[in-house]
Amino acid sequence: MIEIRTVGVVGAGQMGSGIAHVAALAGFDVLIYDVSPEEARRGMERIAGNLDRQLRAGKITEADRGAVMKRLAAAGDVLALAEADLVIEAATEREEIKRRIYYQVCPVLKPEAILATNTSSISITRLASATDRPERFLGIHFMNPVPVMKLVELVRGIATDDPTFDAAKRFSARLDKVTTVSEDFPAFIVNRILMPMINEAIYTLYEGVGSVESIDTALRLGANHPMGPLQLADFIGLDTCLSIMQVLHDGMSDSKYRPCPLLVKYVEAGWIGRKVGRGFYDYRGETPVPTR
């Protein structure tokens, strides 16, 4: 049985820092590695801020907060990941970047270490082929924001062995997450359903059927969604939405997955959502304002 004590997280952005947060809160020692030391520092600050919010909400104690921060460390070098029993890659949703990371990380890992990806859409089998351990590679796809969302999608590649999969299930359970198992098809379960809905909402805006506000209000109140699809797209990141739709379109060869031209235009403009201050809404003022 594979025992996981130390977890490495590659990528200190929103997803990576969220994964590190919940893993440390569950009692694992966590190493955060990012090619940018500045991003690693911001990731640690993001975790501290999220812990403060949990403390104010009464979800954790001051002792919990202190213990989590003691279990977390920013790895100054990829060599620090040699200690890890499980390494989770949480880089941007571009296959060439993920492959480059595996090329750097794999020689450092101990032979029995598990390597996982947080990809939300890319083939696990194909990514596994870029590593030296396809049998100890799988998808552990967390939802955003990680400390809040209960679901984890587990995805095995064609070579993933049973001990690796079982270890991933036990790891997810220790994080107090509910797991769902997906076959290795483009975008898995959640994004296979969610992203075409968001893309269709963007088409609805593109074709002038409704405004940003009317589309979001319609889905919030008409379908009882907690946020409208365009607001959700901004939260996820329009660049991520576009990447997933491109994976679906390429992988399924079906025109129903064609990314909306308006989504492409927003990404080309750099208006990719909340993380940069503008997307379908402008977030630079006190109240978000629709940009169309």
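As recorded by an unreviewed UniProt entry, the protein carries the name 3-hydroxybutyryl-CoA dehydrogenase and is attributed to Antarcticirhabdus aurantiaca.

The helix and strand inventory of the protein stands at eleven helices and ten strands. Against the 2.2 N^0.38 benchmark of 19 Å for 292 residues, the protein shows a C-alpha radius of gyration of 19 Å, consistent with a compact globule. Principal-axis analysis of the C-alpha atoms places the extent of the protein at approximately 55 × 45 × 30 Å. For the protein, buried positions account for 48% of its 292 residues. Across the protein, contacts joining residues at least 24 apart in sequence account for 66% of those joining residues at least 6 apart.

Time to look at the nonpolar core. The biggest cluster of nonpolar side chains holds 35 residues, and the ones touching the most others in it are Val 30, Leu 72, Ile 140, Phe 142 and Phe 171. Broken down by element, this core gets its largest block of residues, six residues, from helix H1 (residues 14-25). With near-sequence residues (within four places) excluded, Phe 142 lies in contact with Met 15, Ile 19, Ile 88, Asn 118, Leu 151, Val 152, Phe 171 and Leu 175. Core analysis: the next-biggest nonpolar cluster, separate from the first, contains 27 residues, Ala 187, Cys 241, Ile 244 and Ile 272 among them.

Here the second largest pocket defines a volume of roughly 200 Å³. Glu 95, Ile 122, Arg 126, Val 247 and Asp 250 are, among the 16 residues lining the second largest pocket, the residues nearest its centre. Here the lining of the second largest pocket gets five residues from one element, more than from any other, and that element is helix H10 (residues 238-252). A breakdown of the residues in the lining of the second largest pocket according to their chemical character gives five nonpolar, five polar and six charged.

Their axes nearest at 6 Å, the elements helix H9 (residues 229-236) and H10 cross at an angle of 95 degrees. In terms of axis orientation, H9 runs roughly perpendicular to H10. Contacts from Ala 233, Asp 234 and Ile 236 of H9 reach H10 at Leu 238, Thr 240 and Cys 241. Of the residues contributing to the contact of H9 with H10, the split by class is four nonpolar, one polar and one charged.

The geometry of two aromatic rings is summed up by the distance between their centres and the angle between their planes. For the structure shown, the criterion picks out six aromatic pairs. Taking 5.5 Å as the distance between ring centres and 75 degrees as the angle between the ring planes, the aromatic pair formed by Tyr 102 and Phe 137 counts as edge-to-face. Taken together, the positions of Tyr 102 in helix H4 (residues 95-105) and Phe 137 in strand S6 (residues 137-142) put the pair 35 residues apart, joining distant regions of the chain. Through successive ring pairs, a cluster of aromatic residues spans Tyr 266, Trp 271 and Phe 280. Of note, Arg 156 hangs over the ring of Phe 165, and the distance from its end group to the ring centre comes to 4.7 Å.

A separate point is the pattern of salt bridges. Applying the stated criterion across every chain yields a total of 20 salt bridges. Between Arg 41 and Glu 45 there is a salt bridge, and its shortest N-O distance comes to 2.3 Å. Residue Arg 41 and its partner Glu 45 are both found in helix H2 (residues 37-56); the two are separated by four residues, about one turn of the helix. Between Glu 135 and Arg 136 there is a salt bridge; the shortest N-O distance is 2.8 Å. What you see here is one network of salt bridges that share partners, running through Glu 38, Glu 39, Arg 41, Arg 42, Glu 45 and Arg 46.

The subject of this paragraph is the environment of Pro 229. Its place among the elements puts Pro 229 in helix H9. Between the C-alpha atoms of Pro 229 and Tyr 266, which are 37 residues apart in sequence, the distance is 15 Å. Setting aside anything within four residues of it in sequence, one finds Pro 229 in contact with Met 197, Ile 198, Ala 201, Ile 215, Asp 216 and Leu 219.

About the criteria used
Residues numbered from 1 in each chain as written. Predicted model: local features only at pLDDT ≥ 70, side-chain atom pairs only at ≥ 80, totals over all residues. Heavy atoms only, no water. Helix = DSSP H or I, 4+ residues; strand = E, 2+ residues; numbered from the N terminus. Rg over C-alpha atoms; globule rule 2.2 N^0.38 Å. Buried < 20%, exposed > 50% of the residue type's maximum accessible area, 1.4 Å probe, protein only. Contact = heavy atoms within 4.5 Å. Core = buried A, V, L, I, M, F, W, Y, C linked by side-chain atoms within 4.5 Å. 1 Å grid on protein atoms, 1.4 Å probe; cavity = no way out; pocket = protein on both sides within 12 Å on 5 of 7 lines; lining within 4 Å. Points joined across faces, edges and corners; volume = space filled by probe spheres on them. Nonpolar A, V, L, I, M, F, W, Y, C, P; charged D, E, K, R; others polar. Axes fitted to C-alpha atoms, helices over the stretch in contact; angles between N-to-C directions. Parallel < 35°, antiparallel > 145°, perpendicular 65-115°, else oblique. Phe/Tyr/Trp six-rings, centres within 6.5 Å; stacked < 30°, edge-to-face > 60°. Lys NZ or Arg CZ within 6 Å of the ring centre and 35° of its normal. Salt bridge = Lys/Arg side-chain N within 4 Å of Asp/Glu carboxyl O.

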